[in-house]
Amino acid sequence: QTCALPISVDAFRPVIPRKRRVWFERRLGRLRRAAGEARDLDVLAGRLSTNGVGVARRRLMEMLAKQRHDSRSPIRVQLDTLLESGWSARVDRLLADLRIRRPRSRFCSFARRRFKPMVASFFKRADRDRLGEDDIHALRIAGKKLRYALEIFGTVFPARDRIQCEQSLERLQNKLGECTDRASAAERFDRLSHDAEAGPARDMLVALRDDEIERSVRARRIFSTWWNPGRRRSLRRRLRRTLRRSA
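Let me begin by describing the structure that accompanies this report. All residue numbers refer to position in the chain's written sequence, counted from 1. Confidence filtering applies because this is a predicted model: local features only for residues at pLDDT of at least 70, side-chain atom pairs given and counted only at 80 or more, and all residues used for totals across whole chains, interfaces and linings. By convention in this description, side-chain values take in all heavy atoms of the structure and omit both hydrogens and water.

1. A short note on the overall build of the chain
Alright, step 1. Only DSSP runs of H or I with at least four residues qualify as helices, and only runs of E with at least two residues qualify as strands; both kinds are numbered from the N terminus onward. Within the chain, the secondary structure is distributed over nine helices and zero strands.
Alright, step 2. Ordered by position from N to C terminus, the α and β elements of the chain give α-α-α-α-α-α-α-α-α.
Alright, step 3. C-alpha extents for the chain along the principal axes are approximately 65 × 50 × 25 Å.
Alright, step 4. By residue count, 41% of the 247 residues in the chain fall in the buried class.
Alright, step 5. Restricting to contacts in the chain with at least 6 residues of sequence separation, those with at least 24 account for 79%.
Alright, step 6. We get accessible surface area from the Shrake-Rupley algorithm with a probe of 1.4 Å; when it comes to residues, only the shown protein chains can shield them. As displayed, the chain offers around 14000 Å² of accessible surface, 49% of which is attributable to carbon and sulfur atoms.
Alright, step 7. Each charge class in the chain can be summarised by its mean position, and for the 61 positive and 31 negative side chains these summaries are 10 Å apart. The classification of residues rests on relative accessible area computed with a 1.4 Å probe and restricted to protein chains. Under 20% of the type maximum is buried, over 50% is exposed, and intermediate values are partly exposed. The contact criterion used throughout is that any non-hydrogen atoms of two residues lie within 4.5 Å. This count recognises Lys and Arg as positive and Asp and Glu as negative, with His and chain-terminal groups excluded. Charged side chains are reduced to one point each, which is NZ for Lys, CZ for Arg, CG for Asp and CD for Glu.

Structure, rendered in structure tokens:
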């Protein structure tokens, strides 16, 4: 869970000593970036598994196979670096420190104070009728932070309300993911088409890029219709109710 870990650190930002927090943020950020590259290539390979035939397709799959293989190396490097720097002991010290600083009696109020501005930040991005490509990406990140925060502070919220909110946010993430994955694929195909090794796959890459651009635009249009004011109000009410009912 390369996304959940940095969000967890951020959720407890006010009570983690700065030096320790920066250490975790930097290491986890490097790991998340390395894993993100590998994930994007895996998604792209999955999209191509049934596209194209002949020499061009074989060449393209060879290029992707090499890139996917190479993308694993930075992940292993970052994991080895974490382990060598005493990751387990550092996590144990962090958790022990949090238990001392935030006993259960104060954790509930802390969780409510941290979660409320997260909801406000999310809707600052969500309450827009026109969302461009950058807006979609930012909203997906904000939604992901909110969903993981619900899990992190899960014991504070009533289970039924929390699960309903998580399900709503997960549906939102899936819709947004269709938009961002299409845009990412188009960008990747464009880069690959300019690669010196593209050879006979170049025309196919250009066609795939154009197709993903078209699908990305269509996905954003579908999302804008789905993410209507009524749906936004419903999620807002659900999150506010969850906060009111928190332990």
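There's more to say after this.
2. Some details on the packing of helix α1 (residues 4–11) against helix α6 (residues 133–152)
Alright, step 1. Two elements in contact, α1 and α6, have axes separated by 10 Å at closest approach and are oriented at 70 degrees. When the axes of α1 and α6 are compared, the pair comes out roughly perpendicular. The residues of α6 that touch α1, namely those facing Ala4, Ile7, Ser8 and Ala11, are Lys144, Lys145, Tyr148 and Ile152.
Alright, step 2. Its residues assigned to classes, the contact of α1 with α6 comprises five nonpolar, one polar and two charged. Orientation is described by lines fitted to C-alpha atoms, with helices fitted over the stretch in contact, and by angles between N-to-C directions that extend from 0 to 180 degrees. Each angle is binned into one of four classes, with values under 35 degrees roughly parallel, values over 145 roughly antiparallel, values of 65 to 115 roughly perpendicular, and all other values oblique. Residues are sorted three ways: Asp, Glu, Lys and Arg are charged, Ala, Val, Leu, Ile, Met, Phe, Trp, Tyr, Cys and Pro are nonpolar, and all the rest, Gly among them, are polar.

Shape descriptors only; they carry no functional weight alone.
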